[in-house]
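Observations on chain architecture
These are the residues of each chain, in order.
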Amino acid sequence: MSTLTPSIEHGGEHDDHAHGHGHHAEPHSLSLLWALPTFSKDHKVIGLQFLITTLLMLMVGGALALGVRWQLAFPWQRMPILGDMAFAAEGGQIAPETYTMLVTMHASVMIFLVIIPILAGAFGNFLIPLQIGADDMAFPTLNMLSYWFMWPAIACFATSFFFGGGPASGWTSYPLLSALWEAAPGSGMAQNFWLLGLTLVGVSSMMGSVNYMTTIINMRAPGMTLFRMPLTIWSMFITAILQAFALPVLTAAGFMVMADRTLGTCFFIPSGIVVNNAAPTVGGGQPLLWQHLFWFYSHPAVYIMLLPAMGMVSDMMACMCRKPIFGYKPMVYSMAAIAGLGFIVWGHHMFTSGMNPALGMTFMVSTIMIALPSAIKTFNWLGTLWGGRLQFNTVMLNSIAFVSMFVIGGLSGIFMAAVPVDIYIHDTYFIVAHFHYVLFGATLFGVFGAVQFWFPKMFGRMMNETLGKIHFVLTFIGFNCTFFPMHLLGVAGFPRRYADPYHFPYLEHLLPLNQFMTCAAILMGIAQFILLFNFFSSMFIGKKCGRNPWGANGLEWQTPSPPGHGNFDVPPVCYHGPYEYSSPLCHDKDFLPQTEYVPLEQRVAIANATPH
Amino acid sequence: MRNAAVGKFWAIFFTAVAVLAVAVCVVAPDYGWWFPGDGRAHSTLGQKIDDLFYLILVIVAVTFIGVNAALGYILWHGASLPSDKKALFSHGSHALEVIWTIVPAGILLFIALYQMDVWAQYRIKNFYPKTMEPVAEVTARQFEWRIRYPARGKKLMPTPQPDDVYTVNDLRVPTGHPVSISLRSDDVQHSFFVPELRVKQDAVPGLVIPVWWEMTDIGSFELVCAELCGWGHYKMKARVVAMSDEDFEAWKSQAAQEQFYDGVSTKDGELVSQSEQE
Ligand code: HEM
Ligand SMILES: [Cu+2]
Ligand SMILES: [Cu+2]
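Please read these numbers as outputs of a predicted model, since none were measured by experiment. (Residues numbered from 1 in each chain as written. Chains lettered and ligands numbered in written order. Predicted model: local features only at pLDDT ≥ 70, side-chain atom pairs only at ≥ 80, totals over all residues. Heavy atoms only, no water.)

It is worth spelling out the interface of chain A and chain B at this point. Note: interface size is frequently given as the accessible area lost on complex formation between the parts. On the side of chain B, 94 residues touch chain A, which itself brings 111 residues to the contact. Here chain A and chain B share an interface that buries about 8,800 Å² over both sides, 75% of which is from carbon and sulfur atoms. Seen at the junction of chain A and chain B, the total is 20 residue pairs in polar contact (both at pLDDT 80 or more). For the side of chain A that touches chain B, the secondary structure elements donating two or more residues are helix H4 (96-132), helix H9 (287-304), helix H11 (328-342), helix H12 (357-385), helix H13 (394-417), helix H14 (419-425) and helix H16 (465-491) of chain A. (Contact = heavy atoms within 4.5 Å. Buried area = accessible area lost by both parts, 1.4 Å probe. Polar contact = N/O pair within 3.5 Å; in protein donor to acceptor, adjacent residues only side chain to side chain. Helix = DSSP H or I, 4+ residues; strand = E, 2+ residues; numbered from the N terminus.)

Structure representation (C-alpha cells):
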C-alpha cells in the first residue's frame, strides 16, 4: 500500500533510471492538446478538457455579466454589440424579464460551469495523481464520464435560453417562483431545463468526488504520508468530502421541485396560492424547505469553490518565496474546520426568511466562528511570506491578490453573519460585493496564478510573463473598481436583482457610481482576452522549459513536461514534506524535491543544530 | 537591485489598494454612498442596528488596516532581501498560532454574543415590547403591496372584515410607539424592506409573519421588495408614511369614508346629486 514509510535503505534508488519500467520517449509538448477531442481516460487530458471548457465558459459568464452591468449603468438603452446580437428583436434593449434571466444565468454559469469544475475538475484532475505520485486516478472511466457529463449539462443550460426568455428565478431558484409554471415567463420549460442541467452538473461532480477521495486515500506513492501531502491535495480531499456529503441533498431537492412542477406533488407549494390567474394550488407544502435544502448544499458549496484555491495558493506561495509554508498543520486543520463548520451555517442565508428565530442565534454563532479558521489561514499566509525571497512574478502576484482580496471578503462576511446587521444588508449589493470578493477576488485570482504555475507541466512551455502581468494588473484594478463600490451600494440599501433601481428616489443618485463600475467591468472583461491569448499562444510559442522550471518540490515536477501516459519514469518515493525550501539540507540549491533522499546522519546533524 | 525596486513597487501597489479602500469608505457619506436618506435610522431598533454596524465596522477596519500594514511591510521587506541571502527557513511558530487563534476567537465570540439582544427584540416573542399595536395586514403580490387596516377603533382580525380599510402601496402607521404588521404573500415569495427603518422580512407564501418596529420620526419612507419575485421585482415601489396618532386616526376615517362612498352624498339630510356636487 501507499503509506509505507520507506526505510533509509531505499535511499537514492529513484535516481537510478536504469531499472524503472523502461524509458518513455519524452512526450510531444502538445500531446495533451491533441487528445482533447477524445474520450481519453488519462487524468491529464481530462484535466485539460475541463480547463479549456471552463475558461471558455468564463467568457460566456462574463458576457452575461456585462449585460447585467450595462442595464445597471444605462437602463433601457440599446446595448451595443452584445445587445444587438442577442436582443435584436427588442432593438438591442434588455427587457426586465431578460434582466432577471441574465442575473440567473450569469450566476449559474459562473458557479456550476466555471468555478466548481475549474477547481475540482481541471486542477483536481490534473494535479491529484501527479502530486501524490500515482500513475492515474483510481477510476479512469468514471473520470472520463465526469467530464463528458458536463456537456449534456451545458446543453441543458443552453436550451433553457430558448424557452420564455430563459430561466429567471435566480441561481438560488426559490419556490414558488421556480415551482409554478405561471409565476414568470422563465418559470416554464426554461426552469425544467435549468433543473436538469443542475442535476447533470451534480452527477459530474459526484463522479469526480468519489474518484478523488479514493485516489487520495489509496494511491499515494510510498512515503507520501498524509502530512506530507501538498496542501493542494489536502484541499482537494476535503473538497471531495464536502461534495460527497452535500451534493445528494441538492440533487434530491432538485428532483423534488421537478416533481412539484411535473408530477403534481407539493413539497414546496402551500395551498390556495393563485399566481397570474392560474387555478389555486392544492398545496400542503412549505417553500422554506427548499431554502434549507438548497443552502445545506450551497453553503458547503461556497467552500467547494474556495478550498482548492486556498490549497493551490499555498503551494504556489511557498515556491515563490522559497520558504516552507508557515504552520502546515494549522493550515490543514483550519481547512478541516472550515469544512466541518461549513455544514452547520447554512441558515445564515435565511436570517430574514421567517424560519424559527432561535435558529438565527445558533447560525449566527457558527457563522461568525467560521471566520476564525479563515483568519488563521490568512495569518499563516502572511507568515509564509515573511522573510521569504519573494519572486514577484505573475504567479506570486495572483497569489498575493488572493490573500489580499480574501481578507476583504472574509471581513465583509462578519457584517452579514451578525444577524441584526444582516436584516438590513441581506439581499442588497453588500452581499454581491462579499461573494465576488471571495469567489472572484480570491478564487479566480488563485486560478489565474495556478494556470500560469502549472501551464509548463501541461505543455513543456512557459506562459508569457509580461502578458501575465498586464492581465493581472488590468484585472485587479478592474475588479476592485467594479466590486468595491458594491459594499457602499449595499450600505445605501441598493437591492439585488433590480432591472431598474433608479425610479426609487433614494437610489437615483447612485447611477453615476454604477456607470463607473460598469466601465471598470468592461475593462476587466476585455482583459480576459489577454489571458486567453497568452494561454493559447504559449502552447506554441512559449519559452521551452524542462521538468521543473520553478525549482519546486512537489512530485509533479519530477515528471516530464507534459508527463506521458503513466506519469512517472519510475514510481516515485517520497522522503519529506512538500515545502522544504531553503532548508539547510538543500546543499547548493534552495529547494529539496520530495523525492530527494537525504542520509539520516545529515538530517540528524541539522536537526540537532536547529531548535524546534 | 532592479529586482528590489520591482518588488517595492508591488509592495506599494498592494498597500495602495488597501489605502484607497479605506479612503473611499471615509469619503463615501459625502457622496451619498452611505445609509439612505439623512443617514439615520428612523426606528428604535434600526438605531441599535446602526450602532452594531458601526461597532463591527470599527473592529473590521482595525483588522483590515493591521493585516494590510503587515502585508505591505512583509512584501517590502521581502523585496529588499539581499540577493545572496537565503529565505528564512521556518516551519512556523506554535506560540504565534496559539495567539492568533485565541485572540480572534475572543473577538469573534464577543461580536456574536453582543448581537443577541437586538435580534431577540426584533424576532423573539418573549422579548417584544409589552404593548404593540397591530396596524395592518400587508400582502405582497406580483407586483404590488396590498394593505388592509381594521376600521377605526377596531382590532385587526386575521380574516378580512366588511369594514376594513384598504390601500395599495401606501402603508400608514402611527409614530412613537411600537406597531406591528402581519406580513403575507398572495403568490410567490417577496420581501418587505424599508431601508430607512432597517426593517426587512420575507413574505413567504403560506405563512403569516408578524413584523414590528417603532417609528421615531414622522415622514415618508420608501418601501421596496428585496426578494426576486419575477420580472417586475424592481417595480414594487411603495411607501411607509409615519404619522402622529391623531393624523393617523383622522386619515383612517377619511380613507374609510372615501372607500365606502357610494357616489351619493347627503347635505343637511338632503340627497345631493352627483352633478350638483361638481
Ligand atoms: C469569513 C467567512 C465568511 C462569512 C462569515 C460569510 C458569511 C456570509 C453570510 C452571512 C452570507 C449571507 C448573507 C445574506 O444573504 O444576507 C453569505 C453569503 C454568501 N457567501 Fe459568505 N461568508 C464567508 C466566506 C465566504 C466564502 C469563503 C465564500 C466563497 C468562496 C462565500 C460565498 C458566499 C456567497 C456566494 C454568498 C451569497 C449567496 C447568495 O445569496 O447568492 N462566503 N456569506
Ligand atoms: Cu453561506
Ligand atoms: Cu420582489
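Residues and elements named next belong to chain A. Neighbouring ligand 1 are 23 residues, the closest being Trp171, Asp422, His426, His434 and Arg496. A distance of 2.7 Å is found between an oxygen atom of ligand 1 and a side-chain nitrogen or oxygen belonging to His426. Elements with a minimum of two residues in the shell around ligand 1: H9, H12, H13 and helix H15 (429-459). Here the shell around ligand 1 is built from residues that sort into 13 nonpolar, eight polar and two charged. (Near = heavy atom within 4 Å. Nonpolar A, V, L, I, M, F, W, Y, C, P; charged D, E, K, R; others polar.)

A few words now on the coordination of the copper ion (ligand 2). The textbook angles at a metal center are 109.5 degrees for a tetrahedron of four donors and 90 or 180 degrees for an octahedron of six. Residue and element names in this part refer to chain A. Every protein donor of the copper ion (ligand 2) is listed here as His299 (ND1), His348 (NE2) and His349 (NE2), and their distances to the metal cover 1.9 to 2.0 Å. Binding-site remark: the copper ion (ligand 2) is held by donors from one chain whose sequence spacing is H-x48-H-H. In this structure, the copper ion (ligand 2) lies 4.6 Å from the iron atom of ligand 1. His348 gets classed as buried once you look at its relative accessible area, which sits at 13%. (Donors = N, O, S within 2.8 Å, 3.2 Å for Na, K, Ca; no water. Buried < 20%, exposed > 50% of the residue type's maximum accessible area, 1.4 Å probe, protein only.)

This next bit is on the confidence of the model for chain B. Detailed reading of the predicted coordinates is not advisable wherever pLDDT is low. The share of residues in chain B with pLDDT of 70 or more is 94%, and the mean pLDDT across the chain is 92. Here the complex is predicted with pTM 0.93, and the ipTM for its interfaces comes to 0.94. (pLDDT = per-residue confidence, 0-100.)

Turning next to the domain arrangement of chain B. Residue and element names in this part refer to chain B. According to the domain assignment, chain B contains domain 1 (2-81 + 96-122) and domain 2 (131-262). On a C-alpha basis, the centres of domain 1 and domain 2 stand 37 Å from each other. Counting residues at the interface gives 16 residues for domain 1 and 15 residues for domain 2. The largest share of the area that domain 1 buries against domain 2 comes from His42, Thr44 and Tyr122, three residues that together contribute 51% of it. The interface formed by domain 1 and domain 2 contains two salt bridges. A salt bridge links Arg198 to Asp50; the shortest N-O distance between them is 2.7 Å. When contributions to the side of domain 1 that touches domain 2 are tallied by element, the ones reaching two or more residues are helix H2 (44-79) and helix H3 (94-123). At six residues, the largest contribution of residues to the side of domain 1 that touches domain 2 is made by H2. (Domains from an automatic or database assignment. Salt bridge = Lys/Arg side-chain N within 4 Å of Asp/Glu carboxyl O.)

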